[in-house]
2 protein chains.
Amino acid sequence: MKDLKSFTTDRPARATLRDVATLAGVSEISVSRVMRNAPNISDALRTKVMNAAGALNYTPNRLAGALKNQSSNLVAVVLPSMSNEVFLSVLDGIEAGLDEHGLNAVLGLSEYDNDREWRVVRELLSWSPMGIILTGLHHDESIAGRISQFDIPVVQIMDVEGSPIGGAVGMSHTKAAVAAADYLFGKGYRKFGYIGAWSERPERSRTRRLAFEDRLKVLGTRCVASRILEERSSALAGASATADMLAASPEVDCIFFANDDLALGGLFHAMSAGIKVPDELGIMGFNGIDIGKATPLPLSSIETPRYEMGVMAAQMLLRMQHEEPQIVELDFRIFEGGTT
Amino acid sequence: MKDLKSFTTDRPARATLRDVATLAGVSEISVSRVMRNAPNISDALRTKVMNAAGALNYTPNRLAGALKNQSSNLVAVVLPSMSNEVFLSVLDGIEAGLDEHGLNAVLGLSEYDNDREWRVVRELLSWSPMGIILTGLHHDESIAGRISQFDIPVVQIMDVEGSPIGGAVGMSHTKAAVAAADYLFGKGYRKFGYIGAWSERPERSRTRRLAFEDRLKVLGTRCVASRILEERSSALAGASATADMLAASPEVDCIFFANDDLALGGLFHAMSAGIKVPDELGIMGFNGIDIGKATPLPLSSIETPRYEMGVMAAQMLLRMQHEEPQIVELDFRIFEGGTT
DNA sequence: CATTTTATTGTTAACGTTGTCAATCGGCAT
DNA sequence: ATGCCGATTGACAACGTTAACAATAAAATG
């Protein structure tokens, strides 16, 4: 009986520079240069090498290249979670931005856990990425120190209120909350409710709530009811929290939700319960997701530049190789739907 | 004036095995062994090394390790796009599955383009990943050849109908379409419409449509109207396509949508237009996304195991290091909402 | 006590690539 | 003819790690 080895040996093994060089009858370094489009290569050499590389199906070994170079084209991307459409768009943008420059994302999820984030960062750094993108501005002290050893650009996304380690691309959640309060107040609502989820992870939602409450005080009114769910955001959760809140505090005339999923739930509940939106109840979301624009009553919300944030984060990473870190504050926009 | 170098030199450079070894007064290989938890290490040695590593903030260089080992703990993940909630869940599952085993995902997006997929695969392979996850079963011939040189496990996700390169974790889109047809026929609908988007990317949606149409014929009826939009799926697109279809073919009594985004749009249109769902019009989606469960009339749909698919793909990758590739067909489930 | 195991640590040589420095070859001005 | 220049190619030594083997000391065996 043939041993296992013999099954595998007939598969052509991965070719190396040496193999290509031998076949082409040139030196390894010449192959390397051709592969990297180095200057001063004769057409004759280039052709020989390209043919040989093609024949052998040569795939460069980036591990070796990056090791020698002390730098890779990998970018570490640390997001809290993938169970949130927000980070989908952000990651989409990041990928788009990175791809333009031939960079690859290595993904790590912190799951909103500091210890885990620390481990993930450590893990990703071990690949000598050329840069790292973190979510939010609040990170374990030691993370900054660890990264600083690598002398690579750091870009933090989502938030700009605080002191970033390096560059930052985000928006002001305080301003957004103030704008929401002003807008809703201007629409005549006075008895506000607030509904959040998952114990206010990420922290940014807490920032928004506090700023919203503060602003209401300035305007001479306040949140008369507030629910922070323990479960994750979902339309179902938003619907039941809304029902709950209206039962307990019937005087509430407008609810500001931590995100559009919850808000859509609120809207759907109102539709089912025959509550007149926006007259009896105003509904305001946050993020401005697509589906909110298609409901019979389009969901009023705050449109956040998530995709753009990702793209710009990637671009800033590139720029920071030469330039100083910047803080870029992107604009949000109030989307006036039919629910307010 | 100080030159630039002097600004950077005061930052402690990244420590290597050698630095740790010197500080601890042991050999490099001993440090390596401690870091990898190799057997037969004395407590004395381990302590010395750990202290030195801690003092220097040592981060192992995986590039070097992987180069020497001829294998990394990276997994190449190639998805068509991130602008689709479906792949969000899948990626979430993949990350969860990989993380269990200390593996890292390197992400590549094909954007439904064969050339681009080829480039992405090539790119990712250059990192010597320990495995690769591809989306769908239809790939450029040369991709399989290229991967085979690496002797690494390949798992293809989403689909099981066809011949995978290696293992596969997916579902039968044909069976799903047949089940949908049978279910809707059983509910009494007879004049069917179908609405898809983005010129039927991914191909799987085309498979479903064809199987749906075939099944309707078997049942003695047929699709009386069909719209394949060129734009991407969105609730707005679904709404306008629905309006359009009903205007042109008022006899349609049930629409099967390529996905839930489109279907929700259809539902919202019906609500706005005062069309009685499910009596005058049945609406059936595909995927079973969360938000469809929270609408006043929950959206009937086919629940697909997206997250689970990701987790299982990751696990299968691990298993395939020792075992033969398998094809795992996961079950879908018809979710009977209020729209049919 | 000589001899064999066993446990622990060290030495050496790669892994595949690329930066640095040399070498070669015409051409061209002196 | 001589010497110099630019263009092109090559030799060699790293990058930081680890497998394989060697060496040493301690323990167990007869």
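Use the structure listed above.
Attention here is on the structure that accompanies the text. (Residues numbered from 1 in each chain as written. Chains lettered and ligands numbered in written order. Predicted model: local features only at pLDDT ≥ 70, side-chain atom pairs only at ≥ 80, totals over all residues. Heavy atoms only, no water.)

## Describing the protein's contact with DNA strand C
Taken together, 25 residues lie near DNA strand C, and Leu17, Ser32 and Tyr58 of chain A together with Ser30 and Ser42 of chain B sit nearest. A share of 64% of the atoms of DNA strand C within 4 Å of the protein falls on sugar and phosphate groups. A distance of 3.3 Å separates a base oxygen of DNA strand C from a polar backbone atom of lysine 68 of chain B. In the model, a phosphate oxygen of DNA strand C is placed 3.4 Å from a nitrogen or oxygen of the glutamine 70 of chain B side chain. Mapped onto the surface near DNA strand C, the elements with two or more residues apiece are helix H3 (28–35) and helix H5 (62–69) of chain A together with helix H3 (28–35) and helix H5 (62–69) of chain B. When residues in the surface near DNA strand C are grouped by element, the largest group, 4 residues, is from H5 of chain A. (Near = heavy atom within 4 Å. Polar contact = N/O pair within 3.5 Å; in protein donor to acceptor, adjacent residues only side chain to side chain. Helix = DSSP H or I, 4+ residues; strand = E, 2+ residues; numbered from the N terminus.)

## Notes on the sheet that holds strand S3 (residues 131–135) of chain A
One open sheet accounts for 12 strands, arranged S11(A)-S5(A)-S4(A)-S3(A)-S1(A)-S2(A)-S2(B)-S1(B)-S3(B)-S4(B)-S5(B)-S11(B); its pairing is mixed. On the outer flanks of this sheet lie strand S11 (327–329) of chain A together with strand S11 (327–329) of chain B, each paired with one strand and no other. Averaged over all pairs of adjacent strands, the angle between their axes in this sheet comes to 20°, without regard to strand direction. Pairing between strand S4 (residues 154–159) of chain B and strand S5 (residues 167–171) of chain B: 5 bridges, direction parallel. Directly across from methionine 158 of chain B, in S5 of chain B, lies its bridge partner glycine 170 of chain B. (Pairing = 2+ DSSP bridges. Axes fitted to C-alpha atoms, helices over the stretch in contact; angles between N-to-C directions.)

## A word on the interface of chain A and chain B
Facing 59 residues of chain A, the contacting portion of chain B comprises 59 residues. When the two sides are added together, the surface that chain A and chain B hide from each other amounts to roughly 5,600 Å², 59% of it contributed by carbon and sulfur. The largest share of the area that chain A buries against chain B comes from Leu63, Trp127 and Gln149 of chain A, three residues that together contribute 13% of it. One salt bridge in this structure joins glutamate 123 of chain B and arginine 62 of chain A, with 2.9 Å as the shortest N-O distance. Inspection of the chain A/chain B interface yields 22 residue pairs in polar contact (both at pLDDT 80 or more). Looking at the side of chain A that touches chain B, the element that brings in the most residues is helix H6 (residues 85–100) of chain A, giving 6 residues. Across the side of chain A that touches chain B, the residue classes break down as 30 nonpolar, 15 polar and 14 charged. The sheet contact formed by strand S2 (residues 104–109) of chain A and strand S2 (residues 104–109) of chain B spans 3 bridges and is antiparallel. The residue of S2 of chain B that forms the bridge with leucine 107 of chain A is alanine 105 of chain B. (Contact = heavy atoms within 4.5 Å. Buried area = accessible area lost by both parts, 1.4 Å probe. Salt bridge = Lys/Arg side-chain N within 4 Å of Asp/Glu carboxyl O. Nonpolar A, V, L, I, M, F, W, Y, C, P; charged D, E, K, R; others polar.)

## Regarding the side chain of arginine 116 of chain B
Mapped onto the elements of the fold, arginine 116 of chain B is located in helix H7 (residues 114–125). A distance of 3.1 Å separates the side chain of arginine 116 of chain B from the backbone oxygen of leucine 109 of chain B, its partner in a polar contact. Among residues more than four places away in sequence, those in contact with arginine 116 of chain B are Asp99 of chain A together with Leu109, Ser110 and Glu111 of chain B.

## Digging into the packing of aromatic side chains
Residues and elements named next belong to chain A. For the structure on display, the rule yields 9 aromatic pairs over all chains. Their ring planes at 45° and their centres at 4.5 Å tell us that phenylalanine 212 and phenylalanine 256 sit as a pair that is tilted. Residue phenylalanine 212 is found in helix H10 (residues 203–218), and its partner phenylalanine 256 is found in strand S8 (residues 254–257); the two are separated by 44 residues along the sequence. Note on phenylalanine 212: relative accessible area 0%, which makes it buried. Through a chain of ring-to-ring contacts, three or more aromatic side chains come together here, namely Phe192, Tyr194, Phe212 and Phe256. (Phe/Tyr/Trp six-rings, centres within 6.5 Å; stacked < 30°, edge-to-face > 60°. Buried < 20%, exposed > 50% of the residue type's maximum accessible area, 1.4 Å probe, protein only.)

## Details of the sheet that holds strand S6 (residues 191–196) of chain A
Residue and element names in this part refer to chain A. The strand order across the open sheet built from 4 strands is S7-S6-S8-S9, with neighbouring strands paired in parallel fashion. Pairing within the sheet leaves two strands with one partner each, and these edge strands are strand S7 (222–228) and strand S9 (282–284). With strand direction ignored, the average angle separating the axes of adjacent strands in the sheet is 20°.

## Digging into helix H12 (residues 260–273) of chain B
Side chains of residues three or four places apart in an α-helix project in the same direction, reflecting 3.6 residues per turn. Residues and elements named next belong to chain B. In this model H12 runs 19 Å from its N-terminal to its C-terminal C-alpha over 14 residues, within 8% of the 20 Å that 1.5 Å per residue would give. Counting buried residues in H12 gives 10 out of 14 residues, a clear majority hidden from the surface. Buried within H12 are the following residues: Asp260, Leu262, Ala263, Leu264, Gly265, Gly266, Leu267, Phe268, His269 and Ala270. Put simply, asparagine 259 is the residue that caps the front of H12, since its side-chain oxygen is 3.1 Å from the backbone nitrogen of aspartate 261. In the stretch just after H12, glycine 274 is the one whose phi turns positive, near 70°. (Expected span 1.5 Å × (residues − 1).)

## Things to note about the relation of the copies chain A and chain B
The two copies are related by a screw motion: chain A maps onto chain B through a turn of 180° and a shift of 0.0 Å along the axis, at an RMSD of 0.1 Å. Such a combination of rotation and displacement between the chain copies is what one expects of a two-fold axis. The C-alpha atom lying nearest the rotation axis in chain A is that of valine 106 of chain A; the distance is 2.3 Å. Comparing interface residues between copies, 100% of those in chain A also sit at the interface in chain B, which points to an isologous, same-surface contact. (Least-squares fit on C-alpha atoms with pLDDT ≥ 70 in both.)

## What to know about the packing of helix H11 (residues 235–248) of chain B against H12 of chain B
Describing two packed helices takes the angle between their axes plus the distance from one axis to the other. Residues and elements named next belong to chain B. Contact geometry of H11 with H12 gives a least axis separation of 6 Å together with a crossing angle of 55°. In this view, H11 runs oblique relative to H12, as classed from their interaxial angle. Here H11 runs over H12; the crossing is right-handed. From H11, Ala235, Ala237, Gly238, Ala239, Thr242, Ala243 and Leu246 reach across to H12, where they touch Asp261, Leu262, Gly265, Gly266 and His269. The residue makeup of the contact of H11 with H12, split by class, is 6 nonpolar, 5 polar and 1 charged. (Parallel < 35°, antiparallel > 145°, perpendicular 65-115°, else oblique. Left-handed = near helix turned anticlockwise from the far one by under 90°.)

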